[in-house]
Every structure is written in structure tokens, then in C-alpha cells.
Amino acid sequence: QVQLVESGGGLVQPGGSLTLSCVVSGRFLSVNNMGWYRQAPGQQRDLVATITRGGVTNYADSVKGRFTINRDNAKNTVYLQMNNLKPEDTAVYYCKIDLRISRDVYWGQGTQVTVSS
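So, here is what we can say about the structure in this document. Treat the numbers as computed from the prediction; the structure is a model and nothing was measured. Counting starts from 1 at the beginning of each chain's written sequence and moves along it residue by residue. The predicted origin of the model limits local features to residues at a pLDDT of at least 70 and limits the giving and counting of side-chain atom pairs to 80 or more, whereas totals for whole chains, interfaces and linings rest on all residues. Side-chain descriptors were evaluated using all non-hydrogen atoms of the structure, hydrogens and water having been removed beforehand.

To continue, consider the environment of G54. Strands here are runs of E lasting at least two residues and helices are runs of H or I lasting at least four, both read from the DSSP assignment and numbered beginning at the N terminus. Positionally, G54 belongs in the loop between β5 (46-51) and β6 (57-59). Accessibility here uses a 1.4 Å probe with only protein chains present; expressed as a share of the type maximum, an area under 20% marks a residue as buried, one over 50% as exposed, and anything in between as partly exposed. For G54, a relative accessible area of 72% puts it in the exposed group. Spatially, the C-alpha atom of G54 lies 16 Å from that of I101, the residues being 47 residues apart in sequence.

Okay, here's the thing in C-alpha cells:
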């Protein structure tokens with residue numbers, strides 16, 4: 001059993017910042033790629049940022065220059081630093097990982113981010 005637990009979501013004003021964390025648990029787990037996705041009501045789930053095990057990152061155009069993805073392989077944890085948040089960033093943010101060797105994919109339950117005045 002693999003568990004992904006996200007934290008750090010909440011309510012912030014436009015221009016504010018939040019940092020999301022996702023911890024992957026499992027004694028024999030070896031994580032390959034990690035990423036963050038988001039889904040607003042009535043919309044599809046879209047990629048926000050990804051990071052390979054070697055640290056190569058990719059960002060959606062809408063968040064470039066504002067969000068930063070990082071990971072700690074020893075802790076099996078991925079972070080998303082979100083700066084200069086905008087109302088359109090409001091969504092449920094989901095952590096996604098895939099495992100080395102097996103290539104199995106797992107999703108977290110999501111954490112709500114609301115940007116509002």
C-alpha cells in the first residue's frame with residue numbers, strides 16, 4: 001500500500017504565497033517522477049509542474065515564474081512553492097508520483113487552495 005498525503009493548502013489573498021507538501025509513504029517505495037496537478041470545479045485536471053528524480057522540472061505556462069517545484073528524495077517528499085497567487089489559481093491540488101521499476105502511478109487525495117479577497 002502506497003499513500004500520498006498532501007498538506008499546506010488554505011485560503012490566501014491575491015498576491016499571497018503558499019507552500020504545498022506531499023509525503024509518500026511505503027517502506028520499499030522508490031519514487032521516480034513527481035508532480036502537481038490541479039482541478040477547478042467543472043474543469044479537467046491539468047498539469048501544474050513536474051520534476052524527475054534527477055531534478056529536471058517542467059511547468060505549465062500559467063505558473064512559470066510564480067511556482068517552484070522541488071523534491072527531497074531521501075524523504076520521498078515533493079513541494080510546490082506558490083508565489084503571487086491569483087484567483088485563477090483556485091483549485092484542488094493533487095500530488096502524483098510514479099514508482100521506479102514497476103512504473104505504478106499513485107495520486108493523493110488533494111488539498112484545496114483558494115485565492116480570494
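Looking now at the environment of N73. For N73, the location among the structural elements is in the loop between β7 (67-72) and β8 (77-82). Along the backbone, N73 and T52 are 21 residues apart, and their C-alpha atoms lie at a distance of 10 Å.

Put simply, two rings from Phe, Tyr or Trp (the six-membered ring, in Trp's case) pair if the centres are within 6.5 Å, and we call them stacked under 30 degrees between planes, edge-to-face over 60, tilted for the rest. A full pass over the atoms with the stated rule returns one aromatic pair. The interplanar angle of 65° and the centroid separation of 5.1 Å between the aromatic rings of Y37 and W107 together place this pair among those described as edge-to-face. Placement of Y37 in strand β4 (residues 31-39) and of W107 in strand β10 (residues 105-107) is noted, with a sequence separation of 70 residues between them. On the accessibility criterion, Y37 (13% relative accessible area) is buried. On the basis of relative accessibility, which here comes to 36%, the residue W107 falls in the partly exposed class. A cation over an aromatic ring shows up here: R45 above the ring of W107, its NZ or CZ 4.8 Å from the ring centre. Distance and angle both matter: a charge sits over a ring if NZ of Lys or CZ of Arg is within 6 Å of the ring centre and within 35 degrees of the ring normal.

Before going further, it helps to spend a moment on the state of the cysteines. Note on terminology: disulfide denotes any pair of cysteine sulfur atoms within 2.5 Å. Scanning the entire structure with this criterion turns up one disulfide. Across the disulfide, C22 is cross-linked to C95 (sulfur-sulfur distance 2.2 Å). An S-S torsion of about -85° defines the bridge between C22 and C95 as left-handed. Linking C22 in strand β3 (residues 18-25) with C95 in strand β9 (residues 91-99), this pair joins segments that are 73 residues apart in sequence. Accessibility assignment for this pair places C22 and C95 in one class, buried.

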